[in-house]
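As a plain string of letters, each chain reads:
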Amino acid sequence: MKRRTFLASSVATLTASELAAAGSFKQKMGLTIWSYGQRWRNRGQARESWKDALDVLEHCDSLGAGCLQIGVGGWSNDFSGKVRDRRESLGIALEGQVGLPEDKADLPRFQSDLEASREAGGTILRAVCLSGRRYENMRTVAQWKEFQENSLYRLQLAEPILRKARCKLALENHKDWRADEHLALMKKLDSEWIGVTLDFGNNLSLLDHPHRVAEMLAPYVLTTHFKDMAMAPYEDGFLLSEVPVGNGQLDLASMVATCRKHNPGIWFNLEMITRDPLKVPVYKDQYWVTFPDLPARDLADTLRIAKVNDPSSLPRIQHLDTAGRIAFEEENVRKSFAYGKEKLGFA
């Protein structure tokens, strides 16, 4: 793959920030469960599958991961306690993944998920406002405005519960908010209990420069989805792929430094999603419905980067069976951890 950059031992009883301040460790990489989406979706069915988070913790230990970010919905107190005991024995931190409350009637579910995470030892919760992609989900400007208002409402419902529990929620840029919109949302909320999960690559789909995104959101960053990205053209726009760390087009060292400047103990949780390339159809009228004022230079800059690679260079899994996908996924994760240790200074 051709490359061009866009720019010329943890202790479980302490937080990563406390350890960093004490100067007592060289930070490990973390892991989000979606680096293992193929294996997780097939748990209990395929060879090399997992049953639950306890199995994933064991795998984290074999990788040398210092943190696991995983969904905690529906965990019982008993299971949360088992996760807490095992992760503490392994020296692995935990961050929960939860759904925002939909409305007041959904607050008990949200509080239950928060308590499950807390019982397991997690004090940061990753969440998203949109499960899909803005340019696919939103068909009109009115829908986009309704989404913005509803997102603010849901976050405001969650904030008092987070504040009372002294637990922080990290909202991901999940192919919904451009950096300026995400920043405006954080300022409107104005809460020490709500910050950002910075995904290193998602905003490329919104023609938003990843290093600009990092600079703008870093003051609010609580955790990350750490990844590398590669792009290539196709007939309706460009293709976007997660690739093993070091094989893509991001200046990862610069983005890591930007995050650490504002949060020295932040976890860099690998999200190496093994899948076919995503199609970002910027030549289709529908793509632009919610971007009426987007500068033309943002499109030009993105397309200039995308044309560097041949589409055939991007990884694909459509031809693989389940076992092949799981094996390819494992290879991608291990390559990423090796690069992080060898080139980026992770433990």
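See the structure above.
Residues numbered from 1 in each chain as written. Predicted model: local features only at pLDDT ≥ 70, side-chain atom pairs only at ≥ 80, totals over all residues. Heavy atoms only, no water.

Colleague: I would appreciate a short explanation of the environment of Gly64 in the present structure.
Modeller: Residue placement: Gly64 occurs in the loop between helix 3 (53–63) and strand 2 (67–71). The sequence separation of Gly64 and Lys188 amounts to 124 residues, and the corresponding C-alpha distance is 39 Å. With residues up to four places along the chain from it excluded, the contact list for Gly64 reads Lys28, Met29 and Phe337. (Helix = DSSP H or I, 4+ residues; strand = E, 2+ residues; numbered from the N terminus. Contact = heavy atoms within 4.5 Å.)

Colleague: What is the right way to look at the sheet that holds strand 4 (residues 124–127) in this model?
Modeller: Neighbouring strands of a sheet are bound in pairs by backbone hydrogen bonds; such pairs are parallel or else antiparallel. Strands sit in the order 1-2-3-4-5-6-7-10 around a closed barrel of 8 strands; the barrel is parallel. Across the sheet, the mean angle separating the axes of adjacent strands is 30° when strand polarity is ignored. Where strand 2 and strand 3 (residues 93–97) come together, 5 bridges link them in parallel fashion. Bridge pairing in strand 3 places Gln69 opposite Glu95. (Pairing = 2+ DSSP bridges. Axes fitted to C-alpha atoms, helices over the stretch in contact; angles between N-to-C directions.)

Colleague: Got a minute to help me understand the sheet that holds strand 9 (residues 237–243) in this structure?
Modeller: Spatially, the 3 strands line up as an open sheet ordered 8-9-11, and their pairing is antiparallel. The open sheet is flanked by strand 8 (228–234) and strand 11 (278–280), the only strands paired with a single partner. Across the sheet, the axes of successive neighbouring strands diverge by a mean angle of 30°, strand direction being ignored. Bridge analysis of strand 9 against strand 11 gives 3 bridges, and the strand direction is antiparallel. Across the sheet, the residue bridging to Leu239 is Lys279, located in strand 11. Along the sheet, helix 11 (residues 296–306) contacts strand 8 and strand 9; its crossing angle with strand 8, the most-contacted strand, is approximately 95°.

Colleague: What is the right way to look at the state of the cysteines in this model?
Modeller: All told, the structure shown has 0 disulfides when counted by the stated rule. No disulfide involves Cys67; its sulfur sits 8.3 Å from the nearest other cysteine sulfur, which is in Cys60. Note on Cys167: no disulfide assigned, nearest cysteine sulfur contributed by Cys67 at a separation of 13 Å. (Disulfide = S-S within 2.5 Å.)

Colleague: Mind showing me how you'd approach the pairing of strand 7 (residues 221–226) here?
Modeller: Burial analysis of strand 7 places 6 of its 6 residues in the buried class, the great majority of the element. As paired strands, strand 6 (residues 194–199) and strand 7 are joined by 4 bridges and run parallel to one another. What sits directly across from Asp199, in strand 7, is His225. On the question of chirality, the crossover connecting strand 6 to the parallel strand 7 by way of helix 9 (residues 210–217) is right-handed. Summarising the sheet, strand 7 and strand 10 (residues 268–270) pair through 3 bridges and their orientation is parallel. Within the sheet, the bridge partner assigned to Phe226 lies in strand 10 and is Leu270. (Buried < 20%, exposed > 50% of the residue type's maximum accessible area, 1.4 Å probe, protein only. Right-handed = clockwise from strand over helix to strand, strands pointing away.)

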